[in-house]
Amino acid sequence: MNNLRNSTPDCVYQPQFIDGHALSIPTFTLLQADGCLFPRARAPNLNREQALKIYHSMVFIRILDERMLAAQRQGRISFYLQCLGEEATTVASAAALDDKDMIMAQYREQGALHYRGFSLTQFMDQLLSNEHDLGKGRQMPVHYGSKALHYMTISSPLGTQIPQASGYAYGQKLRGEPNITLCYFGEGAASVGDFHAGLNMAAVLKAPVIFFCRNNGYAISTPAHEQYISDGIASRGVGYGIPAIRVDGADALAVYEATRLARELALSGQQPVLIEAMAYRLGAHSSSDDPSGYRSRDEETRWRSQDPIARYRRWLLQQDWLDEAADQLASDVLRQEVLEALKIAEKIAKPHIDTLITDVYAQPTDLLHSQLAQLKAHIRRFPEAYPLSAARCK
Amino acid sequence: MAEMNLLQAINQALDLAMARDKDVVCFGEDVGHFGGVFRATSQLQEKYGSARCFNTPLTEQGIIGFANGMAARGLKPVAEIQFADYIYPAFDQIVNETAKFRYRSGNEFNVGGLVIRTPYGGGIAGGHYHSQSPEAYFAHTAGIRVVIPRNPVQAKGLLLAAIACPDPVLFMEPKRLYRAAVGEVDIAYYETPLDKAEVVQSGCDVTVLAWGAQMEVAAKAVVLAELEGVSCELIDLRTILPWDQDCIVDSVLKTGRLVISHEAPLTGGFAGEIAATIQQRCFLYLESPIARVCGLDTPYPLALEKEYQADQLKVFSAIMDTVNF
Ligand SMILES: Cc1ncc(C[n+]2csc(CCOP(=O)(O)OP(=O)(O)O)c2C)c(N)n1
């Protein structure tokens, strides 16, 4: 433990300022764009089955994103948010975890959720806010969560999950659990006060948490260079006394390996670790955004050549683990399945009107009961004005 | 005069204020070149440069703390909080700092030039994190002004008055009406007083009071009530803090009845404060209990938004019940 006040200080006799840019953290990468490993790189210890599971989740999410964005444009869902170009960051990191490690995400991490086992139907039920949605249709599309899959339900206010992840991990530590918490957030969210509070708390209290920053270059229209000066987010971990690594976010193998090692460090050392994955948000921020107003086609095209799925796919082909024809067929089938699942989910009813007052407290209060009764009486008076619930208002 | 929507009126107000006074500076998340996620600040960076209109890092706490500091130096920061739902990280800066700067220093320092703009309210399928109407939290904070326009004419005049005001102002913009509310707006500079309600329509049977986006709902309810032969006086409160008690009192003394409607949940909502005051000042003139039509005491839902809202039928029912008490 480095306690400046108890040790002999390291003194200099000329004033010396440490330049903010002095620290330059390298990027850990394994896979080249052609699917070959870099000359001195070693592939992580992944077997065929695991490697394909990672691939399958990345492809699943890409197809889901593509179809659901189209569905949003057709007015079938109100909002959507894709993770185009960032599939490797979240899928490969989730793959390096134990299934019981808690994940606390921001909103662009559907890949990790799919890897954990969230089904196509579950995705659809949430996106359509129907009565089968685990969140009971209360949140906007893409705010997923599943207790069974150890995936904390997403909250929109940015960064709030960061100090919570520190606390959750500390709870795991007190319980003596062999698990950690992994917390995803964007480089934009790393500016909120909660980020600094959360990292410092975890460092001081030695919480086994992995802070995983998806640095995709933009927070809506704001480019990273208007978000922070100096060396990205990884250097901030260093400032808080937290071991940090920067990794190529378009390289599934490097992300997997970095996360695997971070987990070992967090678990064995019972301490926080920070990962900064460098990627690019290839798509719009959300279905409400148009990036042509703030960045160039050229820039996007340059990043398209870094496609994490294509890169990883080439590696799999070189391993002889993937059959091209079968892969193509599987993608076509999946596209069809997504559309069918959407059609089914669309037909499922909205949540019952009684759910308006549940889960506010463990039990609805008397006041809430009477407000609901009043509302139902009102709806009975004007049934045609409230199509969804009118028939359900006994 | 020119026809414009509420967003354009806000944009024009900011443009005029920046042109008149170089101390006016606009900033917030995505506010710079992009012009804000709703485009309220579009073209301002092009016109006034990136020192006076800029993106900030993503930190509401930082934005308002920074704005407090700038205003203490005598500048006029117009800080945007992208959604009112995300104002809470800045709550400490607003409640403990913005509101108390002048008081705690014995007027040695103040942050009078500060305006915080933020889109608020529901009806946009935004669920509980893109729909809140937090005016009541701030109404409990002496030292700031809370202003909510309902249309482009008001938005422009009130925003210009807010920027010129020697007190810090929280300016809440009804985002549901950003493009929906359109009107003829004077293109010259003008200010609208910050502490006056507006009698939108006079009537004699019942006073109907609302503000911001809820005015549209109240106006529709008034039309329904009039079809039933009820004459309504419709009032827009416009400023929540400090609020125009006399205007409401005068109206209720005439009509003897009051229906107040807001989007936010009932309990602890600003309608409660109004009801208590009017009950005290108009007790002997009231012909029926003051009615409140508000959101339920729950977070703002997504799937059942239509049922949840204090819509025109609910306001209409309350008007009729009040009149027929
Ligand atoms: C506290 C808060 N402020 C503002 C917003 C609005 N908002 C939603 S996403 C976003 C940008 C986030 O950028 P980043 O964290 O880099 O993640 P990315 O979208 O790039 O994945 C903003 C400003 C919010 N959700 N919460």
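The notes below deal with the structure included here. (Residues numbered from 1 in each chain as written. Chains lettered and ligands numbered in written order. Predicted model: local features only at pLDDT ≥ 70, side-chain atom pairs only at ≥ 80, totals over all residues. Heavy atoms only, no water.)

## Re the sheet that holds strand β8 (residues 244-248) of chain A
Residues and elements named next belong to chain A.
Part 1 of the argument: With parallel pairing, seven strands are arranged side by side in an open sheet as β1-β8-β9-β5-β4-β2-β3. Looking at strand neighbours, the two that pair on one side only are β1 (27-28) and β3 (151-152), the edges of this open sheet.
Part 2 of the argument: Across three bridges, the pairing between strand β2 (residues 102-104) and strand β4 (residues 181-186) is parallel. In the strand pairing of β4, Met102 is matched with Thr181. (Pairing = 2+ DSSP bridges. Helix = DSSP H or I, 4+ residues; strand = E, 2+ residues; numbered from the N terminus.)

## Focus: the site of the ligand
Part 1 of the argument: Around the ligand sit 21 residues in total, of which Tyr107, Arg108, Gly188 and Tyr218 of chain A together with Glu60 of chain B are the nearest.
Part 2 of the argument: Around the ligand, the neighbouring residues derive from chains A and B rather than from a single chain.
Part 3 of the argument: Separating an oxygen atom of the ligand from a side-chain N or O atom of Gln106 of chain A is a distance of 3.0 Å.
Part 4 of the argument: Between the ligand and Ala189 of chain A there is a distance of 2.9 Å, counted from an oxygen atom to a backbone nitrogen or oxygen.
Part 5 of the argument: Relative to its unbound accessible surface of 580 Å², the ligand loses 96% to contact with the protein.
Part 6 of the argument: Residue classes in the shell around the ligand are distributed as nine nonpolar, seven polar and five charged. (Near = heavy atom within 4 Å. Polar contact = N/O pair within 3.5 Å; in protein donor to acceptor, adjacent residues only side chain to side chain. Areas by Shrake-Rupley, 256 points an atom, 1.4 Å probe, with all protein chains shown as cover. Nonpolar A, V, L, I, M, F, W, Y, C, P; charged D, E, K, R; others polar.)

## Let's talk about the packing of helix α4 (residues 120-127) of chain A against helix α11 (residues 324-347) of chain A
Residues and elements named next belong to chain A.
Part 1 of the argument: In contact at an axis separation of 9 Å, α4 and α11 are set at 45° when each is read in the N-to-C sense. Regarding the angle of α4 to α11, the classification is oblique. For the pair α4 and α11, the sense of crossing is right-handed. Residues Leu120, Met124 and Asp125 of α4 touch α11, and the partners they reach there are Glu337, Val338, Ala341, Leu342 and Ala345.
Part 2 of the argument: When the residues that make up the contact of α4 with α11 are grouped by side-chain class, the tally is six nonpolar, no polar and two charged. (Axes fitted to C-alpha atoms, helices over the stretch in contact; angles between N-to-C directions. Parallel < 35°, antiparallel > 145°, perpendicular 65-115°, else oblique. Left-handed = near helix turned anticlockwise from the far one by under 90°. Contact = heavy atoms within 4.5 Å.)

## As for α4 of chain A
Residues and elements named next belong to chain A.
Part 1 of the argument: Burial of α4 is extensive: six of the eight residues sit out of reach of the surface.
Part 2 of the argument: Restricting attention to buried positions, one finds in α4 the residues Leu120, Phe123, Met124, Asp125, Gln126 and Leu127.
Part 3 of the argument: In this fold, the buried residues of α4 make contact with α1 (48-73), α3 (110-116) and α11. (Buried < 20%, exposed > 50% of the residue type's maximum accessible area, 1.4 Å probe, protein only.)

## Looking at the interface of chain A and chain B
Think of interface size as the accessible area that goes away when the parts come together; that is how it is often given.
Part 1 of the argument: Chain A puts 47 residues into the contact, and the matching count from chain B is 37 residues.
Part 2 of the argument: Summed over both sides, the interface of chain A with chain B buries roughly 3,300 Å², with 65% coming from carbon and sulfur.
Part 3 of the argument: Our count for the chain A to chain B interface comes out at zero salt bridges.
Part 4 of the argument: At the junction of chain A and chain B, the tally comes to 12 residue pairs in polar contact (both at pLDDT 80 or more).
Part 5 of the argument: Going through the elements one at a time, β7 (222-223), α12 (366-381) and α13 (387-390) of chain A are the ones with two or more residues in the side of chain A that touches chain B. (Buried area = accessible area lost by both parts, 1.4 Å probe. Salt bridge = Lys/Arg side-chain N within 4 Å of Asp/Glu carboxyl O.)

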